[in-house]
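A structural walkthrough
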Amino acid sequence: MSGAAEIDAGGWRAGDYARNARFVAELATDLIDWLAPAPGETILDLGCGDGALTERIAAAGADMVGVDGSASMVAAARERGLTAVVADARALGAVAALDRAFDAVFSNAALHWMHDDPQAVIEHVFARLKPGGRFVAEMGASGNVAPIRAVLRAEADARGHEPDTLDPWYFPTETAYLDRLATAGFHIERSHTFERPTQLPGDIADWLTTLARPFVTAFAHGAARDAYVAAVRERLAGEMRHRDGQWVAPYVRLRFIARKPD
Ligand code: BEZ
């Protein structure tokens, strides 16, 4: 077994993620063009996961620090030789390794997991930036994976679970998120919302058990969980499984560059 923690308290397994969700980093490669990292810059990767994109930015000569709430993911990032720490995005300044000012904060496919207090996350990012520093990110936007979310919620509800207590995602409209950034003091330089239908590497059941864990793990491991996943899969097949057997998920992304004033 690898040195990476196999599973952590949040339910993340870096191994499952690498198998079933590698596309998340692959599809955001051009987000690095938005970041335009320069050699010698210090950059914080917020929600670095297993460090796949962090590593690519480091290859441009930037001095990277990854941060993630998952110990399993941070262990996997460290196995790539990266500096990475486990921390809550709502308390970045409390972590010694992060108590410095960065040229940029980068984030891919992580901000939508930080649903408890998105404004606090933005304010912590602002505080970690040098004057003139930039926050460059991509996240799920309003409507992201909407049919999947609707069916996960409906099938959980039908089995006696209150969907709001399980639903882990915050997919804001562009206007709502840019308002939050402006409230924190950022100037918005560029933003874009776009649909990105995404071919999954395997069956939707793998996506569900890897990326919708807060719903799936509400059901006891075994028959109850299998029945839930099967019911969700069955209801989504008509809309998402193509004739060739490939599953395509309706991703909707928000990207932005926001700058802290000088
Ligand atoms: C996303 O990157 O949009 C996403 C990832 C996992 C679950 C839901 C959405």
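Above this text sits the structure in question.
Described below are features of the structure shown in this document. (Residues numbered from 1 in each chain as written. Predicted model: local features only at pLDDT ≥ 70, side-chain atom pairs only at ≥ 80, totals over all residues. Heavy atoms only, no water.)

1. Brief notes about the environment of valine 145
The topology assignment puts valine 145 in the loop between β5 (129–140) and α7 (146–158). Ignoring anything within four residues of it in the chain, the contact list for valine 145 reads Phe171, Trp207, Pro250 and Tyr251. (Helix = DSSP H or I, 4+ residues; strand = E, 2+ residues; numbered from the N terminus. Contact = heavy atoms within 4.5 Å.)

2. Quick notes on the packing of α7 against helix α12 (residues 223–240)
Two elements in contact, α7 and α12, have axes whose closest approach is 10 Å; the angle formed by their N-to-C orientations is 145 degrees. The element α7 and its partner α12 pack so that their crossing is right-handed. When α7 is examined against α12, the residues Pro147, Ile148, Val151, Leu152, Ala154, Glu155 and Ala156 are found in contact with a partner set consisting of Tyr228, Ala231, Val232, Arg235, Leu236, Glu239 and Met240. A per-class count over the contact of α7 with α12 returns 11 nonpolar, no polar and 3 charged. (Axes fitted to C-alpha atoms, helices over the stretch in contact; angles between N-to-C directions. Left-handed = near helix turned anticlockwise from the far one by under 90°. Nonpolar A, V, L, I, M, F, W, Y, C, P; charged D, E, K, R; others polar.)

3. Focus on the packing of aromatic side chains
Taken as a whole and assessed by the stated rule, the structure comprises 10 aromatic pairs. Judged by centre distance (5.8 Å) and plane angle (40 degrees), the ring pair of phenylalanine 135 and phenylalanine 186 falls under tilted. Taken together, the residues span a long stretch of sequence, with phenylalanine 135 in strand β5 and phenylalanine 186 in the loop between α9 (174–184) and β6 (187–199) at a distance of 51 residues. Take phenylalanine 135: its relative accessible area is 0%, and that puts it in the buried class. Their ring planes at 25 degrees and their centres at 5.9 Å tell us that tryptophan 169 and phenylalanine 171 sit as a pair that is stacked. Residue tryptophan 169 shares its accessibility class with phenylalanine 171, and that shared class is buried. Here the aromatic cluster, defined as three or more aromatic residues joined through ring pairs, consists of Phe126, Phe135, Tyr170, Tyr177, Phe186 and Phe256. It is arginine 190 that lies over the ring of tryptophan 34; its NZ or CZ is 3.7 Å from the centre. For arginine 255, the ring lying beneath its charged end belongs to tryptophan 34, and the centroid distance is 5.7 Å. (Phe/Tyr/Trp six-rings, centres within 6.5 Å; stacked < 30°, edge-to-face > 60°. Buried < 20%, exposed > 50% of the residue type's maximum accessible area, 1.4 Å probe, protein only. Lys NZ or Arg CZ within 6 Å of the ring centre and 35° of its normal.)

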